[in-house]
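# Structure at a glance
Given next are the chains, with one letter for each unit.
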Amino acid sequence: MKEVILLTGPPLNGRDEYITEALKLADGESYAYYHVFDYIREVGKELGVKITRKNVLDFAISHQDLMNEIRDEAFNRIRKEIDESDRSFHLVSTPSLFRWGSGSVIGFTTSNLKLLRPNRVIIVLDDVLSVRRRIINDPEWFERFGENPENIKLTTLVMWREDAINHVKTLIHELKKEGIEVRYILQFGIRHPYHVFLDLIFHEAEKPLVYLSYPMTGHEEEYYHRVRDFYNKLSGHFTVLDPGALDDWWVVAEYDAQVNRDPSITRIKIKHLLDGEQVEELDREDIEQATDILRRQLVERDFNLVDVSKAIAVYHYAEGVSAGVISEMAEAYRTLAAIYLYYPFKRRPSPFMEFYGMQNPSRRTMFKDEDEMVRAMVEEKEYWAKV
């Protein structure tokens, strides 16, 4: 049976680069990869239009009718190739939607998706500081921002994300009204290891989706090493979704900390979490507006990952109760996901945490041995209630 997977998201989030690198490791998998822009460029050439990476935005805004025709034909060709293919998985990559200048650039319409009939939609995302850095390091895009980093507002980047996600949700809702079911929309952070992406695409049946929930902030380095080791143990058996694979929380936490230290501060200094390099100072007003949106996006994204998962594994190597973890456990309970709690302390946790922690086939309230919890999850996965 063929499966069509739409890979989309906002621009400059590293989607195609990440997918290309991941697929280099997909030896032996039966798949085909369709980069929609390649087809748009091919159709345009046949119509006497030269479409390039540099001019496509202005062309799409200035010549919307012609661009719509070109895009529609690109999707027709992709659908035809899928129908004629003997491959099992068909990955279609294209941006979703974003606003630029006085117009909007649309990656696909409802009619395009009705033709494509995706089984799953994966929205590929990167954190806003990495997107900002990517713009600065891309000569063509940096030129669009006047070659001035001050013009690259975090508010703009979070709204690109907002528009892209909402466009997907709206169109998938329209498909549903016409009886076309999409199994799920998943917001996927590109800090996930490549093997997790490959498991997500090719091995979901054997390695069901599991969300890893853990207190995210305020811990020593040794704590995060423990979380990472546990993540690796789980990944041998499941496709593990990690909220830390899209770390916008770093921006939120740094903003809060610096404003608390100095309420009159006007410039916020933030170091990039991955390499420790200092990003130049950011305007407080911009980061303040962006943070308001980011806080909501963080919650919505984490709940999205919980909602698509068959189970959540709570790694609570901290005695203090995390409001975020409790909320994720409640969401998992609401959506019928199995819940497993690792809590290795003598002091009993919150009664709410205990209650949610026993929502698994064996009704174990909590585990004090992480290896025992992994074994229980592997043994019980066939009995998980969530379809």
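Presented here is a report on the structure given in the accompanying data block. (Residues numbered from 1 in each chain as written. Predicted model: local features only at pLDDT ≥ 70, side-chain atom pairs only at ≥ 80, totals over all residues. Heavy atoms only, no water.)

## Overview of unusual backbone geometry
Most peptide bonds take the trans form, and the phi angle of most residues other than glycine is negative. Located in the positive-phi region is leucine 12, a residue other than glycine, with phi close to 60°. With respect to the element layout, leucine 12 can be found in the loop between strand S1 (3–8) and helix H1 (15–23). Look at leucine 12 and you get buried, because its relative accessible area is 13%. The backbone of glutamate 147 shows a phi angle near 50°, a positive value even though the residue is not glycine. Tracing the sequence through the fold places glutamate 147 in the loop between helix H7 (139–144) and helix H8 (154–177). For glutamate 147, a relative accessible area of 53% gives the class exposed. (Helix = DSSP H or I, 4+ residues; strand = E, 2+ residues; numbered from the N terminus. Buried < 20%, exposed > 50% of the residue type's maximum accessible area, 1.4 Å probe, protein only.)

## Some points on the sheet that holds strand S2 (residues 31–35)
Sheet architecture is open: 5 strands sit in the order S2-S3-S1-S6-S7, paired in parallel fashion. Each end of this open sheet is capped by a strand with a single partner; those strands are S2 and strand S7 (184–189). Ignoring strand direction, the axes of neighbouring strands in this sheet form an average angle of 20°. With 4 bridges connecting them, S1 and strand S6 (residues 120–125) associate as parallel partners. (Pairing = 2+ DSSP bridges. Axes fitted to C-alpha atoms, helices over the stretch in contact; angles between N-to-C directions.)

## Some details on the pattern of salt bridges
Inspection of every chain in the model, using the stated rule, returns 38 salt bridges. As a salt-bridge pair, glutamate 204 and arginine 120 come within 3.1 Å of each other at their nearest N and O atoms. Here glutamate 204, found in the loop between helix H9 (194–202) and strand S8 (209–213), pairs with arginine 120, found in strand S6; they are 84 residues apart in sequence, far enough to count as distant. By the burial criterion, glutamate 204 is buried, and arginine 120 matches it. In this structure, arginine 348 and glutamate 354 form a salt bridge, with 2.8 Å as the shortest nitrogen-oxygen distance. Glutamate 354 sits in the buried class, given a relative accessible area of 12%. (Salt bridge = Lys/Arg side-chain N within 4 Å of Asp/Glu carboxyl O.)

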